[in-house]
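# Coordinates in review
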Amino acid sequence: QVQLVESGGGFVQPGGSLRLSCAASLNHFSIYRFDWYRQAPGKERELAAAISSTGSTNYADSVKGRFTISRDNGNNTVYLQMTILKPEDTAVYYCNAFGDQRDIWGQGTQVTVSS
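Residues numbered from 1 in each chain as written. Predicted model: local features only at pLDDT ≥ 70, side-chain atom pairs only at ≥ 80, totals over all residues. Heavy atoms only, no water.

### Let's talk about unusual backbone geometry
The backbone of Asn76 shows a phi angle near 50°, a positive value even though the residue is not glycine. One non-glycine residue, Ile84, lies in the positive phi region at around 45°. Checked against the element boundaries, Ile84 lands in the loop between strand S8 (77-82) and strand S9 (91-99). (Helix = DSSP H or I, 4+ residues; strand = E, 2+ residues; numbered from the N terminus.)

### Comments concerning the sheet that holds strand S3 (residues 18-25)
In spatial order, the strands read S1-S3-S8-S7; together these 4 strands make up an open sheet with antiparallel pairing. Of all the strands in the sheet, the pair left with one neighbour each is strand S1 (3-7) and strand S7 (67-72). Averaged over all neighbouring strand pairs, the angle between strand axes comes to 15°, with direction disregarded. Note that S1 and S3 share 5 bridges and pair antiparallel. (Pairing = 2+ DSSP bridges. Axes fitted to C-alpha atoms, helices over the stretch in contact; angles between N-to-C directions.)

### Some details on the packing of aromatic side chains
Under the counting rule described, the total for this entry stands at 3 aromatic pairs. Taking 6.3 Å as the distance between ring centres and 45° as the angle between the ring planes, the aromatic pair formed by Tyr32 and Phe34 counts as tilted. Of the two residues, Tyr32 and Phe34, neither departs from the other in class, the shared state being buried. Through a chain of ring-to-ring contacts, three or more aromatic side chains come together here, namely Phe29, Tyr32 and Phe34. Between the NZ or CZ atom of Arg45 and the centre of the ring of Tyr94, over which it lies, the distance is 3.8 Å. The aromatic ring of Trp105 is capped on one face by Arg45, whose charged end is 4.8 Å from the ring centroid. (Phe/Tyr/Trp six-rings, centres within 6.5 Å; stacked < 30°, edge-to-face > 60°. Buried < 20%, exposed > 50% of the residue type's maximum accessible area, 1.4 Å probe, protein only. Lys NZ or Arg CZ within 6 Å of the ring centre and 35° of its normal.)

### Thoughts on the pairing of strand S4 (residues 33-39)
Most of S4 sits out of view: 5 of its 7 residues are buried. With 5 bridges joining them, S4 and strand S5 (residues 46-51) adopt antiparallel strand pairing. By the bridge assignment, Arg38 is partnered in S5 with Glu46. A loop of 6 residues connects S4 with S5, the two strands running antiparallel in sequence, and Gly42 in this loop sits at a positive phi of about 75°.

### Some details on the state of the cysteines
Taken as a whole and judged by the stated rule, the model has 1 disulfide. The disulfide bridge from Cys22 ends at Cys95, spanning 2.1 Å between sulfur atoms. With the S-S dihedral at roughly -80°, the linkage between Cys22 and Cys95 falls on the left-handed side. Taken together, the residues span a long stretch of sequence, with Cys22 in strand S3 and Cys95 in strand S9 at a distance of 73 residues. (Disulfide = S-S within 2.5 Å.)

In C-alpha cells:
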C-alpha cells in the first residue's frame, strides 16, 4: 500500500526546534519530489519547503534560513528540520510526494508554537 506517514510534530515554545519525518512506502522513492506543506487554522495550505529527486531545495520566504528539508533515499524518509520556531509556524504539516504519475499526501502532523 502506497502511503506517507508523518511524525515528529508537537508543542514547542517560541525559539525552539522540531524535526518532522515523512516515512514513505514507495517503490522508486528516489525519483519522487517531496514537499512539506502547512495549513494554519483559517488559512489556505501553503508550500513550506521542497526537495527534488536530485536534492535541490526550495523554501518559502517565511521559513528560509530556519527550516531545512532533506531526504534519505536509503531509508525512504524525508525530513524537515525546523529551528527558531515562531507562533506563526503553528499549523498542520503535510508531506507530499510527486512523481511516477502520482501525487500522494500524508495525514499531517500538528505543530504548535506557543509560550
